[in-house]
Amino acid sequence: MPNTDVDARLDTLKQVLNITFNRNLTTLEKHFPNFYQRYKDYTPKSAGLEMDGKGFLNIASNGKFIYDGDPQKICKEQLEAFARTPVRTVYNLNNINPEDAPVHFEHIDYIHKIVVTANKITDGEKGTKYDIPECYPFMCVIGVGMGYHLEYLANENISHMYIYEPNDDIFYASLFVVDYANIFSKFTQENKGITLEVGSSPEKFSESLHNCLYQRGVFRSAAMPIYRHYNSEKADEALKRFYDNITKYYSGFGFFEDELI
């Protein structure tokens, strides 16, 4: 005997998902027209939205669901954990005594003071703690998933957010769920920015991120938080490539005295 209540709820859900998708297509056409062209008639290959055994709207990929439980709750808890102790790239400097320098420049004294202070934090000296910053000048997010975390992040004080989703199918699924119009509106304001990269290789991601940092200010990479939403072969490789190449992002600038000489 058919369950009319369940069928009615599913029909309502499908309508909401389709309305969200069409609204997001309009948003992409305005802000990222190349993605609009890619996804307006897109057909998923190996991943898509499905109801899981617990009754949650989830993403199924290769016979498994991405989220083990309520995706919204998982995204919220993950973001809270990230805010407390984010994964950061930190540019450490080797400390030297200014008196031991063969040639003394004033910047050596300043760098010495900075290194002494910074190492107490990056080396986890007893008694130090991580203070959540008031603003993130640049944040990199690897993995969109269903995208609930992006909606939470849009409410944070982030100057520029770089979003990388290596899987076209997964990003397509998020278009039925996330309010991208609201997200993009937060980052298209004055002195804000957002970069969206989808479906590219981890190598291309590393190159594109490098180029973006050169446009926005490479110095931001010296303490840039990295938010990895989920684990996958490509997402993990992208993160590894980033860490392998991070020193190339901000090396070779020299000091003011070098230019004078």
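Cut-offs and rules
Residues numbered from 1 in each chain as written. Predicted model: local features only at pLDDT ≥ 70, side-chain atom pairs only at ≥ 80, totals over all residues. Heavy atoms only, no water. Pairing = 2+ DSSP bridges. Helix = DSSP H or I, 4+ residues; strand = E, 2+ residues; numbered from the N terminus. Buried < 20%, exposed > 50% of the residue type's maximum accessible area, 1.4 Å probe, protein only. Lys, Arg positive; Asp, Glu negative; His and termini not counted. Salt bridge = Lys/Arg side-chain N within 4 Å of Asp/Glu carboxyl O. Polar contact = N/O pair within 3.5 Å; in protein donor to acceptor, adjacent residues only side chain to side chain. Contact = heavy atoms within 4.5 Å. Core = buried A, V, L, I, M, F, W, Y, C linked by side-chain atoms within 4.5 Å. Expected span 1.5 Å × (residues − 1). pLDDT = per-residue confidence, 0-100. Right-handed = clockwise from strand over helix to strand, strands pointing away.

Colleague: So, the sheet that holds strand β1 (residues 47-51): which residues are in play, and what are the values?
Modeller: Read from one edge to the other, the open sheet built from three strands follows the order β1-β2-β3, with strand pairing classed as antiparallel. Looking at strand neighbours, the two that pair on one side only are β1 and β3 (64-65), the edges of this open sheet. The sheet contact formed by strand β2 (residues 57-61) and β3 spans two bridges and is antiparallel. Across the sheet, Ala-60 pairs through a bridge with Phe-65, a residue of β3.

Colleague: I'd like a description of the side chain of Glu-165, backed by residues and values.
Modeller: Within the secondary structure, Glu-165 sits in strand β6 (residues 160-165). An unpaired buried charge is present at Glu-165: no salt bridge exists, and Lys-234, the closest side chain of opposite charge, is 8.9 Å distant. Here Gly-145 takes part through its backbone nitrogen, which lies 3.5 Å from a polar atom of the side chain of Glu-165. With near-sequence residues (within four places) excluded, Glu-165 lies in contact with Gly-143, Val-144, Gly-145, Ile-170, Phe-171, Glu-197, Val-198, Gly-199 and Tyr-230.

Colleague: Which residues make up the environment of Lys-45, and what values do they have?
Modeller: By secondary structure assignment, the location of Lys-45 is in the loop between α2 (33-39) and β1. Residues Lys-45 and Asp-168, 123 residues apart in the sequence, show an inter-C-alpha distance of 8.8 Å.

Colleague: Outline the side chain of Ser-208, listing residues and values.
Modeller: Structurally, Ser-208 can be placed in helix α8 (residues 202-216). Those residues in contact with Ser-208 that lie beyond four places of it in its chain are Tyr-162 and Glu-197.

Colleague: Account for the pattern of salt bridges, with residues named and values stated.
Modeller: In the structure shown here, the tally under the stated rule is six salt bridges. Where Asp-236 meets Arg-228, a salt bridge forms, and the shortest distance between an N and an O atom there is 2.7 Å. The exposure class assigned to Arg-228 is partly exposed, which follows from its relative accessible area of 33%.

Colleague: Which residues make up the nonpolar core, and what values do they have?
Modeller: It is characteristic of soluble globular proteins that their nonpolar side chains tend to be buried jointly. Core analysis: the biggest nonpolar cluster contains 45 residues, and Tyr-180, Ile-183 and Leu-196 have the highest contact counts within it. Filtering out sequence-adjacent residues up to four positions away, Leu-196 remains in contact with Leu-28, Phe-32, Phe-35, Ile-163, Phe-171 and Phe-184. By size, the runner-up hydrophobic cluster in this structure holds 16 residues, among which are Phe-205, Cys-212, Leu-213 and Ile-246.

Colleague: Can you explain α8? Please cite residues and give values.
Modeller: If you check α8, its first and last C-alpha atoms are 21 Å apart, about what 15 residues at 1.5 Å a residue would give, namely 21 Å. Restricting attention to buried positions, one finds in α8 the residues Pro-202, Phe-205, Ser-206, Ser-208, Leu-209, Cys-212 and Leu-213. Looking one or two places after α8, you find Gly-217, whose phi comes out positive at around 125 degrees.

Colleague: So what's going on with the confidence of the model for the chain? Which residues, and what values?
Modeller: Detail in the predicted coordinates should be disregarded across regions flagged by low pLDDT. Overall, the prediction assigns the chain a mean pLDDT of 82, with 82% of residues at 70 or greater. When the elements of the chain are averaged for pLDDT, helix α10 (residues 256-260) gives the smallest value, 57, and helix α6 (residues 168-174) the largest, 95.

Colleague: Pulling in residues and values, what's your account of the pairing of β6?
Modeller: Among the six residues of β6, six are classified as buried, and the element is accordingly described as predominantly covered. Alternating residues of β6 divide into His-160, Tyr-162 and Tyr-164 and Met-161, Ile-163 and Glu-165, and every residue in both groups is buried. Bridge count for strand β5 (residues 139-142) against β6 is four bridges, and the pairing is parallel. Counterpart to Met-139 in the pairing with β6 is Met-161. With helix α5 (residues 148-153) bridging β5 and its parallel neighbour β6, the resulting β-α-β unit is right-handed. As paired elements, β6 and strand β7 (residues 193-198) share six bridges and run parallel to each other. Residue Ile-163 lies in a different strand from β7, and its bridge partner there is Leu-196.

Colleague: If you had to explain unusual backbone geometry to someone new, which residues and values would you point to?
Modeller: At Asn-62, a position not held by glycine, the phi torsion is positive, near 55 degrees. Here Asn-62 lies in the loop between β2 and β3. Phi is positive for Asn-191, which is not a glycine, with a value near 65 degrees. Looking at the element boundaries, Asn-191 is found in the loop between α7 (180-187) and β7.

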